[in-house]
Each structure stands twice: as structure tokens, then as C-alpha cells.
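Residue strings, one per chain:
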Amino acid sequence: MRPADNINQLIRKLKLKASADLDKRVHDKITRAPAKLNRKESALTKPNIWSNIMKNPMTKLAAAAAIIIAALIGFYTIGSPTPAFAEIVRPFLTARTATFKMSMNVEGAPPQNFDCMYAEPIRMRQISKEQDAVVISDLMKGTIVTLVPAQKRAYVIEMENMPEDQDQSGFNMFAHIRNHILDAQESEDASVEFLGERKINGLTTIGYHVSKPGIDMTIWADPETKLPVQLTNTTGPATYTISDIVFDVELDDALFSLEIPDDYIVHTRQVDASEPTEDDLVNLFRIWAEHMDGNLPSTFEMSVITEFMQYQRKKMKDQGIELTEESVLELQDIIQEINRGGMFVQALLAESDWHYAGKDVKFGDADTAIFWYRPQGSATYRVIYGDLHVADVAPENLPN
Amino acid sequence: MLEDKLLIWKFNRGSREALRGIYEKYKDDLVTLAAALLTDVNLAEDVVHDVFVSFIESARKFRLTGSLKGYLATCVANNARNKIKASQRRYSATLDELNPAAADSDSPEHRAIFGENLSRLSYALEQLPYEQREVLILHSYSGMKFKKIAAQQKVSINTVQGRYRYAMDKLRSMLNGDPLHSRRFALPNEAAGGNAGAGVRK
């Protein structure tokens, strides 16, 4: 341990409690600000589709044109105003619990269907129809439990080192949707487009498409009840569709219990959930080269993970190694390490100007740059070479 | 993070419950931060109170761009710094020399701000110049990046890193009993602490 670590540990132990006097003073202030706060409550119901559309200058002309066309073809019926986007998504933001069906489609994989239950703060119970498995997650506790009743096995993932302010919603579809809606409502570069009407299972619905870098979501709702009927969210190669949504259902806490039945065999794995760093990216290249016979990834797309898995399976088959539960778990661990490197790149901002050029470069080539990016606020680039040494390089000295 | 976004969303739409939720969630951390910066619990609570009063006034227009905890910590640090500057003007002292509680810094009550177990650290922190203490506490306690602290203090990142190194060196020397740094530290009655962990209010 570095000497500084001891001092830092001591400093982190500092702990005071706010006094009852401070509690009273602040709570009094909150109570005494009713007029100001009440005024804002109207914003909860105020339609804001117009402001959402007009936030994005790119959509201004399109929005104007759409409204003129809608008026011409009688799209809006006078006396029956279209519910605003804010009204339709509101249950996603205010519900304490929900149940829904979810289908997941990933390119190149069979679709999967789940019956889901959500409970605040970030709990979820998913029943996989195809795999006869129940997945229960409680992200405040950093734990995901998968129960396979037919095999009486439980697979437990414990997420360690999760930063306090990290967005964990990626592991919980309801929270993920909630996050997207909040982003779309608060962000300057988000746009919400009205899609008009569509019949879903005989019901006339109206739709909105929400888009922002990283968000591609469509919501269809019943214009009478103003409740969402179907929502589709696309993240990378995966598309999730949720339907049969019921908000604020009475759900027993026991449904979200992380306790495992006594007669189950338990496999527990710890996953490092800390913020990924450049070292994780370097580690990705090292692991890749070690398991892919000295080659580096052909591209930096999600699809290479499938390529990696197929290669490993083929290698095992060629070597006459059987695919056992242990070997699958081992492979999953490797994938997780690779994922951390991918997550580091995913978190890089567009202005980081990152490039991958490792295709056809042999592991160990100290002269060829395979990846470079510019850290935020830096004048120079961080360049990773084929032998995985890293250097700071001025922009004019980057490879072509 | 998501919970905070939701709290802000509700707060911006007039939810007093959300505002109370934010206060309850972060009050202890913020009082601790302010007390570590100001080495005075009463002043620290005034700072946290003022920060929340300003926060209430920001309803409707508040936009969360980073973490809520980071935002509130920044507000506390700015407010604490203003308090220090105001004291500086009153006492015509230089910022580096200033210690709002210098008059009774040897008192056992003062050293017991964070409880007897941490009294050595608490006392050593008091001996640091304010800017160094601020960098150290914001970085080590609040987890703030040097770059953000530099922007907040309106100095270069090198200056911030330098202040952090100086603060660490001094603390290490004091805590390890270096006679040069610990002479004053060694004199007070270390064992006299009292009120462990409770926080002393003058």
C-alpha cells in the first residue's frame, strides 16, 4: 500500500451527523417554500411536446412541416387534443412498481421472452420463458441471482467496487427506460418526434420516437387512458420491446428476495464494477491476443465478441476438449474482462477522436499503433502500440 | 445516479418530498465535508444550510450535468471558501494563515470534531493552509478529480496537484511524528479528546 493510501483511508473515515437543529432549519425552509414549489407542480401536467421538439434546431423545420401537413389531412381532431409526450411517459417516472412482458432480439441470436416485475429502487424479477430461469436483481445491493429450478442451480453475480454515482440502469430495463426518458426530457440534444397513429392488437395508439446519441426509443400509448401500450428500445445490436405494461401493482417483497433455496447448488462470481480505465483496454488486447493465437480484434464492434466465442468453441473442439459448465464459466470471466476494455472505449466522448487500427497487426509489434484517443482536455493523444506499450503523442505525429 | 436524476426531475416539478429526500441522502456527507474544510462544526452546518436554501431557490431551472453529490460538494466548497474569505477580510489575515478556529485550536473540544480516534488527523488537517486542505479533502473525501478542483479554484491542474502533494507530505510528517511538523501537534493533550464521533458544537 502506498503511504498516501493510509492517509486517504483515514480521511474517508471522517464522519459527522447533521444535528437535529440543522434538520429543523432545513426542513422548515422546505416547508416554508410552498408557493414557489406549488407553482412548479403545474409543470407535471403541462404538455411539453412542443418544447421537446423545438429544443433541437434540426427538428424545427421538420416539426413545423409535420404540423402543417397534419392540419391539412385532419390529423389532429379539434376538441380531442393529442396527449403530450410528458403525460404518456409520466407513469414510467412515478411508478413504484410495474409488471410487463419483454422480448429481446439480438442480431444473430434467437429471440428471448421474459415476464418482468419491477420494484423501486432498482429491483427486477425476470422469468425467462425459453430458458426456464428466474433472474432477480437488486442493484442497490449490487447482486444478480439467476435461479434454474430444473437443475436446482443458482448463479450469483456480486458487483464489487461500483462507484456511488455510476448509472446502474443498464442492468434493469425499467430503470434503463426511466433513465432514457429523463435524459430526453432534460437534454438539449434530444428530440421527441410525434409518429401519429398505429393499431396494436386492435387498439388505436399514438406514438412518439425519442432520439439522442445513445437513445433510440419508440413509445406507443392509448390516447384515451394516456397509458403506454408498447415501448421499443434499441441499444447497439439489441432491440427490446416491452408490452402489457401495468404500473403500481401490489408486489410482494418476497418476489425480489435474493435468498437461494437450501437445496440449490450455488455458483458465485465477483465482478469488478468499478469505472473502467485505460489499463482495462490494454488488458482487452492482451487477453484477445492470448486467446486468439496472437491476433488482435478485427474491428471494435460488438460483433467481435461472437467471433471470439465461436473461435474458442472451435479451438476446444479441435483440441477434443468438451464444453463443460466450468469451461463456460471460465469463458464468461474472460468475456467480462474483455467487456471492461470495451466499456472504457464506449465511455470515451466523441471529441476523444478514438481510432482502432489493430486489424492485421501482430501482437508484439512495438512500432505499430493499434489504438489512440485524446483524453478530455489533453493536447496530446494516448497511443497504444502492438506490444501494448502506451505513449503520449502529439496530434501531428499520429499515424495516418 | 438514476435515483438522483429522478429526485431532480421530481424536485424541478415541485416535489417537496424529493427535496427532503435529497437533503436526507446527502446531509451527513456535506456536513462532514464542510467541517473538514472549516474545522468548525457550527460554521459547517451554516454552510450546508445556506447551500440547501440556494438549492431550494434553484427549483425549476436546476439542470444536473454531473453527479448530484458532486454538485452539492462543489456548492459546499464554494460556500466554505466564501466564509473563509469573509473571515480573512475581518481579521486581515492571509488566506494561507487563516484558520477560523485558530483561537482555540489546542482545545480538546476542537480536536474532537471527528471524535477522539481521528483527533490526530483532525488536528493535523487544521494546520494545513486552507487551499491545501481544500484540495486534499475534495480529492480524498469527496473523490473530486484534480481537473474539477482546478476549475473550481481557478488555478492550473499542476498547482492543484502541487497543493495535494504538499498537503500529503505535511500530513504524513505530522501523523508520523516528524518533530519539525509535529511540535505543535505533540503539545496539546492528545488524550483529552472526548465526545468521540459526536461532533462538538460551540
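The numbering scheme is per chain: residues are counted from 1 as the chain's sequence reads. Each chain takes a letter, starting from A, and each ligand takes a number, starting from 1, following the order in which they are written. Only residues with pLDDT of 70 or above have their local features reported here, since the model is predicted, and side-chain atom pairs are shown and tallied only from 80 upward, although totals for entire chains, interfaces and linings are computed over all residues. As a convention, hydrogens and water are excluded, and side-chain values are obtained from all of the structure's heavy atoms.

### Thoughts on the overall build of chain B
(1) Moving on: Along chain B, the regular secondary structure elements total 10 helices and 0 strands.
(2) Moving on: Comment: elements are numbered from the N terminus, with helices defined as DSSP H or I runs of at least four residues and strands as E runs of at least two. Going from N to C terminus, chain B has its helices and strands arranged as α-α-α-α-α-α-α-α-α-α.
(3) Moving on: Partly exposed describes any residue whose relative accessible area lies between the buried limit of under 20% and the exposed limit of over 50%, with all areas from a 1.4 Å probe on protein chains only and scaled to the type maximum. The buried share among the 202 residues of chain B stands at 55%.
(4) Moving on: Any two residues having at least one pair of non-hydrogen atoms within 4.5 Å are treated as being in contact. Pairs at least 24 apart in sequence give 67% of the contacts found in chain B among residues at least 6 apart.
(5) Moving on: Only the protein chains shown count as cover for residues, and the accessible areas themselves come from Shrake-Rupley with a 1.4 Å probe. With an accessible surface of roughly 8600 Å², chain B has 50% of that area assigned to carbon and sulfur atoms.

### Comments concerning the overall build of chain A
(1) Moving on: Looking only at helices and strands, one finds 10 helices and 16 strands in chain A.
(2) Moving on: Within chain A, buried positions represent 43% of all 400 residues.
(3) Moving on: In chain A, the share of contacts with a sequence separation of at least 24, taken over all contacts with a separation of at least 6, comes to 50%.
(4) Moving on: Of the accessible surface of chain A, which amounts to about 21500 Å², a share of 53% is contributed by carbon and sulfur atoms.

### Observations concerning the environment of R165(B)
(1) Moving on: Looking at the secondary structure, you find R165(B) in helix α9 (residues 157-175).
(2) Moving on: Between the alpha carbons of R165(B) and L136(B) there is a distance of 8.7 Å; along the sequence they are 29 residues apart.

### Here we look at the sheet that holds strand β6 (residues 153-160) of chain A
Residues and elements named next belong to chain A.
(1) Moving on: Strand pairing is assigned whenever DSSP detects at least two bridges linking the two strands. Spatial strand order, β7-β8-β9-β10-β11-β1-β2-β3-β4-β5-β6-β12: 12 strands in an open sheet with mixed pairing. A strand with exactly one partner marks an edge of an open sheet, and here the two such strands are β7 (191-200) and β12 (265-272). Here the strands of the sheet are splayed against their neighbours by 20 degrees on average, with no regard to which way each runs.
(2) Moving on: The pairing of strand β10 (residues 228-235) with strand β11 (residues 238-247) spans 6 bridges and is classified as antiparallel. The axes are straight lines fitted to the C-alpha atoms, using for helices just the contacting stretch, and the angles between their N-to-C directions are given from 0 to 180°.

### Section: the packing of aromatic side chains
All names here are of chain A.
(1) Moving on: In summary, the pairing rule links any two rings of Phe, Tyr or Trp, Trp by its six-membered ring, whose centres are within 6.5 Å, and it sorts them by plane angle into stacked for under 30 degrees, edge-to-face for over 60 and tilted for everything else. Going through the model one piece at a time under the given rule, you end up with 18 aromatic pairs over all chains.
(2) Moving on: Where Y118 meets F174, the ring centres are 4.2 Å apart and the plane angle is 20 degrees; that geometry is what we call stacked. In this pair, Y118 sits in strand β2 (residues 112-119) while F174 sits in helix α7 (residues 173-186), placing the two residues 56 residues apart along the sequence.
(3) Moving on: Residue classification places Y118 among the buried residues on the basis of a relative accessible area of 0%.
(4) Moving on: A ring pair is formed by F344 and Y373, whose centres lie 5.5 Å apart and whose planes are at 80 degrees; its orientation type is edge-to-face. Of this pair, F344 sits in helix α10 (residues 325-347) while Y373 sits in strand β14 (residues 369-373), and the two are 29 residues apart along the sequence. Like Y373, F344 is buried.
(5) Moving on: Taken together, F285, F344, W354, Y356, F371 and Y373 form an aromatic cluster joined through their ring pairs.

### Brief notes about the sheet that holds strand β15 (residues 381-385) of chain A
Residues and elements named next belong to chain A.
(1) Moving on: Pairing in this open sheet of 4 strands is antiparallel, and the strands run β13-β14-β15-β16 from one edge to the other. Each edge of the sheet is formed by a strand with only one pairing partner; in this case those strands are β13 (355-356) and β16 (390-393).
(2) Moving on: With 4 bridges joining them, β15 and β16 adopt antiparallel strand pairing. Among the inter-strand pairings, I384 is bridged to a residue of β16, identified as V390.

### Describing the pattern of salt bridges
(1) Moving on: Between Lys or Arg on one side and Asp or Glu on the other, a salt bridge is scored when a side-chain nitrogen of the former is within 4 Å of a carboxyl oxygen of the latter. Applying the stated criterion across every chain, the model contains 28 salt bridges over all chains.
(2) Moving on: Between D115(A) and K101(A) there is a salt bridge, with the nearest N and O atoms lying 3.2 Å from each other. Of this pair, D115(A) sits in strand β2 while K101(A) is found in strand β1 (residues 97-106), placing the two residues 14 residues apart along the sequence.
(3) Moving on: D293(A) serves as the salt-bridge partner of K315(A), at 3.9 Å between the closest nitrogen and oxygen. Of this pair, K315(A) sits in helix α9 (residues 303-318) while D293(A) sits in the loop between α8 (278-291) and α9, placing them 22 residues apart in sequence.
(4) Moving on: On the basis of relative accessibility, which here comes to 22%, the residue K315(A) falls in the partly exposed class.
(5) Moving on: For D293(A), a relative accessible area of 47% gives the class partly exposed.
(6) Moving on: What you see here is one network of salt bridges that share partners, running through R96(A), E120(A), R178(A) and E17(B).

### Here's the deal with the confidence of the model for chain B
A low pLDDT score tells you not to read the predicted coordinates there in detail.
(1) Moving on: Looking at chain B as a whole, the pLDDT averages 74, with 69% of positions reaching at least 70.
(2) Moving on: In the predicted assembly, ipTM is 0.75 and pTM is 0.57. Known as pLDDT, the predictor's per-residue confidence is scaled from 0 to 100.

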